[in-house]
Amino acid sequence: MKQSAHAVSLVAGRATSAGRVLPSFLIIGAQRCGTTSLYRSLSRHPLVMKPVLRKGVHYFDMAYGRGLPWYRAHFPLTSRAQALRFRWGHAPQAFESAPYYLFHPLAGARLAADLPGVKLIVLVRDPVERACSAHAHELARGFETEPAFERALALEPERLAGEAERLRTVPGYASHAHRHHAYLARGRYAEQLARLEPLVGRDRILVLDSGLLFRDPRAAYDRVLGFLGLPRLGGVEFERHNARPREAMPASVHRRLRDHFEPWDALLVPWLGAVPSWRR
């Protein structure tokens, strides 16, 4: 029933796509860094319009061949945006959240071309903890078949070999391994930000430290509103979402991964304006 309702809604959306808004900002990652929590908090702001059907449309990574009218069909009508502007005296903003956008090798260029002026929010977390959390998450969802975290890390280079290049060169190609098994690669945040910066400009990218986000959500929320040019209206509710239980990581593995990420974490300092919270 849910799939049928989704299909009917999408057909109606496509029929009225010309009268729908496009997003002015996106939460693009990183995976397992608090994107769902931030998405839900922002969705409660009266001037923020979320997608009609689901949190992440995944157009710029998984469905780009469907075309911009298909993408636009997922967002609210311009008449709703006009009503909100009239009520609150400020222009509302539509958005979505898709953590694979940051890591997908083509998503940045696509969104820069189709959404000129779009602002991007990136959340970063201790990449060691992120990797372990991602493995538990993919295992629980059935996308990972290797239950041992260390073994999954050892398999990553082989699994990902050539996948980014295939995504760049093979039209319509989708990589299960690239999307679900990139435990270390996704934690090299600075590498992904460096690819994104020349496409949209640093001034349109906000990088938030998830450790500080969960420690002081009100300050982080206000920083996001300032970046988006939105007024504070009402209070802020912030909760953790999608947390999963997992086994403790052996100390030797933690040390090895911490050393692996040290140079990448150092490159985050200019983006964050401070040393990452997990390195303090």
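Residues numbered from 1 in each chain as written. Predicted model: local features only at pLDDT ≥ 70, side-chain atom pairs only at ≥ 80, totals over all residues. Heavy atoms only, no water.

## Digging into the nonpolar core
- Leu-26, Leu-42, Phe-60, Tyr-71, Tyr-101, Leu-120 and Ile-205 are the most contacted members of the largest nonpolar core, which has 59 residues in total.
- With six residues, the top contributor of residues to this core is helix H14 (residues 217–228).
- Filtering out sequence-adjacent residues up to four positions away, Phe-60 remains in contact with Leu-26, Tyr-71, Tyr-101, Ala-107, Arg-110, Leu-111, Asp-114 and Leu-115.
- Formed by 13 residues, the second largest nonpolar core is a distinct cluster that contains Val-128, Cys-132, Leu-257 and Phe-261. (Core = buried A, V, L, I, M, F, W, Y, C linked by side-chain atoms within 4.5 Å. Buried < 20%, exposed > 50% of the residue type's maximum accessible area, 1.4 Å probe, protein only. Helix = DSSP H or I, 4+ residues; strand = E, 2+ residues; numbered from the N terminus. Contact = heavy atoms within 4.5 Å.)

## Remarks on helix H9 (residues 149–160)
- A rise of 1.5 Å per residue sets the reference length of H9, with its 12 residues, at 16 Å; its end C-alpha atoms lie 16 Å apart and thus fit the reference within 8%.
- Among the structural elements, helix H8 (127–141), helix H10 (163–169), helix H11 (176–180) and helix H15 (251–266) are those in contact with the buried residues of H9. (Expected span 1.5 Å × (residues − 1).)

## So, empty space enclosed by the protein
- Inspection of the entire model under this criterion finds one cavity of 30 Å³ or more.
- Of the pockets and cavities examined, the largest cavity occupies roughly 30 Å³.
- Lining of the largest cavity is provided by Gln-31, Arg-130, Ala-134, Glu-138, Arg-179, His-180, His-181, Ala-182, Tyr-183 and Arg-186.
- Breaking the lining of the largest cavity down by element, the ones donating at least two residues are H8 and H11.
- Here the lining of the largest cavity takes three residues from H8, the largest share from any one element.
- Along the lines of polarity and charge, the residues of the lining of the largest cavity split into three nonpolar, three polar and four charged. (1 Å grid on protein atoms, 1.4 Å probe; cavity = no way out; pocket = protein on both sides within 12 Å on 5 of 7 lines; lining within 4 Å. Points joined across faces, edges and corners; volume = space filled by probe spheres on them. Nonpolar A, V, L, I, M, F, W, Y, C, P; charged D, E, K, R; others polar.)

## Side note on the pattern of salt bridges
- Applying the stated criterion to the full structure yields eight salt bridges.
- Arg-168 is paired through a salt bridge with Glu-165; the nearest N and O atoms lie 3.4 Å apart. Highlighted residues: Arg-168 and Glu-165, both in helix H10, separated by three residues, approximately one helical turn.
- Residue class for Arg-168 comes out partly exposed when judged on its relative accessible area of 43%.
- Judged by relative accessible area, Glu-165 falls into the partly exposed class, the value being 44%.
- Across the pair Asp-265 and Arg-279 runs a salt bridge whose closest N-O atoms are separated by 2.8 Å. With Asp-265 in helix H15 and Arg-279 in the segment after helix H16 (269–272), this residue pair connects regions lying 14 residues apart in the sequence.
- Under the relative-accessibility criterion, Asp-265 is labelled buried at 3%.
- A residue is classified by how much of its surface remains accessible, and Arg-279, at 21% relative accessible area, is partly exposed. (Salt bridge = Lys/Arg side-chain N within 4 Å of Asp/Glu carboxyl O.)

## Re the environment of Tyr-64
- Inspection of the secondary structure assignment puts Tyr-64 in the loop between helix H3 (59–62) and helix H4 (68–72).
- As a C-alpha pair, Tyr-64 and Leu-111 span 47 residues in sequence and 9.9 Å in three-dimensional space.
- Residue contacts for Tyr-64: discarding those within four places in its chain leaves Tyr-59, Arg-110 and Asp-114.
- Among the polar contacts made by the side chain of Tyr-64, one reaches the side chain of Asp-114 at a distance of 2.9 Å. (Polar contact = N/O pair within 3.5 Å; in protein donor to acceptor, adjacent residues only side chain to side chain.)

## Points about the UniProt feature "domain: Sulfotransferase" (unreviewed entry) in the protein
- Taken from the UniProt record, the annotation "domain: Sulfotransferase" (unreviewed entry) applies to residues 24–231.
- Between the C-alpha atoms that bound residues 24–231 the distance is 16 Å, and the span itself is 53% helix and 11% strand. (UniProt positions renumbered as here; feature names shortened; annotations may be inferred.)

## Here we look at the sheet that holds strand S2 (residues 48–49)
- Within the open sheet, the five strands sit side by side as S2-S3-S1-S4-S5. Their pairing is parallel. Sheet topology places S2 and strand S5 (205–209) at the edges, where each strand pairs with a single neighbour.
- Relative to S5, strand S4 (residues 119–124) runs parallel, the two sharing five bridges. By the bridge assignment for S5, Val-124 is matched with Asp-209.
- Each of strand S1 (25–29), S2, strand S3 (93–97), S4 and S5 is contacted by helix H2 (residues 35–43), which is oriented at about 160° to S1, the strand it contacts most. (Pairing = 2+ DSSP bridges. Axes fitted to C-alpha atoms, helices over the stretch in contact; angles between N-to-C directions.)

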